[in-house]
Amino acid sequence: MQSKNAISADNQQERIEVCGWITGFVDGEGSFLVNIFQSPRAKSKWQIFPEFNVSQSLKGKDLLYKLENFFACGHIYAHNARNIKQEKWDPLYKYCVRNRSELQKIIIPFFKNHKCFGKAKQNDFERFVRVIEIMDKGEHLTQKGMIKVARIAEKMTHRKPFKESSIYKFLLSSETTREARQN
């Protein structure tokens, strides 16, 4: 007797095609980001914020729902990065996964198994994975670990100009420079 979970060859082929579409779509429209923000609630006053996201205008919003349904995690929200007052721009939407457990158990394994990225996106993904691993070990809770994460994140593609970034501000903060002098 065949298991209820058995997948036919047609379904396997369809899944391969969907996975290929996802990796190609993410390569063009997605990002693996690591941001560092000042946070008065955090013990170190800084917080690491890893995020996987894919952006689309209103016309492509249905594609974001396909991603959300496929991964069964994350959320879609309207993103106001563009000046919406300019009538020529469609609203921008993002599919985001920020929950570290979902990143570790769903997003990272998928993209480790389905590599199809250009070099820059692959490098960002590998750096993203390293940061998640550092966080999983709890290293990010120390000043040394935060600096390690910041050094990795500053090399990622979707960075603001270095001097304007929160990572730059973190690396130049009095706590960070004091810690660096002690080491």
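Counting restarts for each chain: residues are numbered from 1 in the order of the written sequence. At least 70 in pLDDT is required for a residue's local features to be given in this predicted model, at least 80 for side-chain atom pairs to be given and counted, and no such filter applies to totals for whole chains, interfaces and linings, which use all residues. Only hydrogens and water are removed before side-chain values are computed, so all heavy atoms of the structure are retained for them.

**Regarding the overall build of the chain**
Secondary structure elements are defined from DSSP: runs of H or I of at least 4 residues count as helices, runs of E of at least 2 residues count as strands, and each element is numbered from the N terminus. A tally of regular secondary structure across the chain gives seven helices and four strands. Ordered by position in the sequence, the α and β elements of the chain form the string α-β-β-α-β-β-α-α-α-α-α. Sorting the 183 residues of the chain into buried and exposed places 38% on the buried side. Throughout, a residue-residue contact means that at least one pair of heavy atoms, one from each residue, lies within 4.5 Å. Sequence separation of at least 24 residues holds for 60% of the intrachain contacts in the chain that already meet a minimum separation of 6. Counting only carbon and sulfur atoms, one obtains 50% of the accessible surface of the chain, whose full area is about 11500 Å². Three labels apply to residues, based on accessible area from a 1.4 Å probe with only protein chains included: buried if under 20% of the type maximum, exposed if over 50%, partly exposed otherwise in between. For accessible areas, the Shrake-Rupley method is used with a probe of radius 1.4 Å. Any residue's cover is judged against the shown protein chains and nothing else.

**Considering the sheet that holds strand S4 (residues 92-97)**
The antiparallel open sheet is built from four strands, whose spatial order is S1-S2-S4-S3. The open sheet is flanked by strand S1 (30-38) and strand S3 (75-79), the only strands paired with a single partner. The average angle at which neighbouring strand axes cross in this sheet is 40°, direction not considered. Strands are labelled as partners when DSSP assigns at least two bridges between them. In this sheet, S4 lies alongside S3 in antiparallel orientation, the contact comprising five bridges. Considered in S4, the bridge of Ile-76 is made with Tyr-95. Axis lines are fitted through C-alpha atoms, for helices just across the contact stretch, and the angle between N-to-C directions can take any value from 0 to 180 degrees. Where helix H3 (residues 100-113) meets the sheet, it contacts S1, strand S2 (46-57) and S4, and its direction lies at approximately 50° from that of S2.

**Details of the packing of aromatic side chains**
Classification of ring pairs rests on two measures: the distance between centres of Phe, Tyr or Trp rings, Trp counted by its six-membered ring, which must be within 6.5 Å, and the angle between planes, read as stacked under 30 degrees, edge-to-face over 60 and tilted in between. Under the definition given, this model contains 15 aromatic pairs. Summarising the aromatic geometry, the rings of Phe-32 and Phe-128 are spaced 5.4 Å apart at their centres and angled 55° between planes, so their arrangement reads as tilted. Note that Phe-32 is positioned in strand S1 and Phe-128 in helix H4 (residues 119-136), a separation of 96 residues in sequence. Both rings, one in Phe-70 and one in Phe-71, keep their centres 5.1 Å apart while their planes meet at 85°; by these two values the pair is edge-to-face. Looking at Phe-71, the relative accessible area reads 5%, which means it is buried. The structure contains a cluster of three or more aromatic residues connected by ring pairs, namely Phe-32, Phe-52, Phe-70, Phe-71, Tyr-95, Phe-110, Phe-111, Phe-125 and Phe-128.

**What about H4?**
Every helix has an expected span of 1.5 Å times one less than the residues it contains. Between the first and last C-alpha of H4 there are 26 Å, a value that for 18 residues agrees with the 26 Å anticipated at 1.5 Å per step. Within the span of H4, buried status applies to Lys-121, Gln-122, Asp-124, Phe-125, Arg-127, Phe-128, Val-129, Val-131, Ile-132, Ile-134 and Met-135. Positive backbone phi, at 80°, marks Gly-138, one or two positions downstream of H4.

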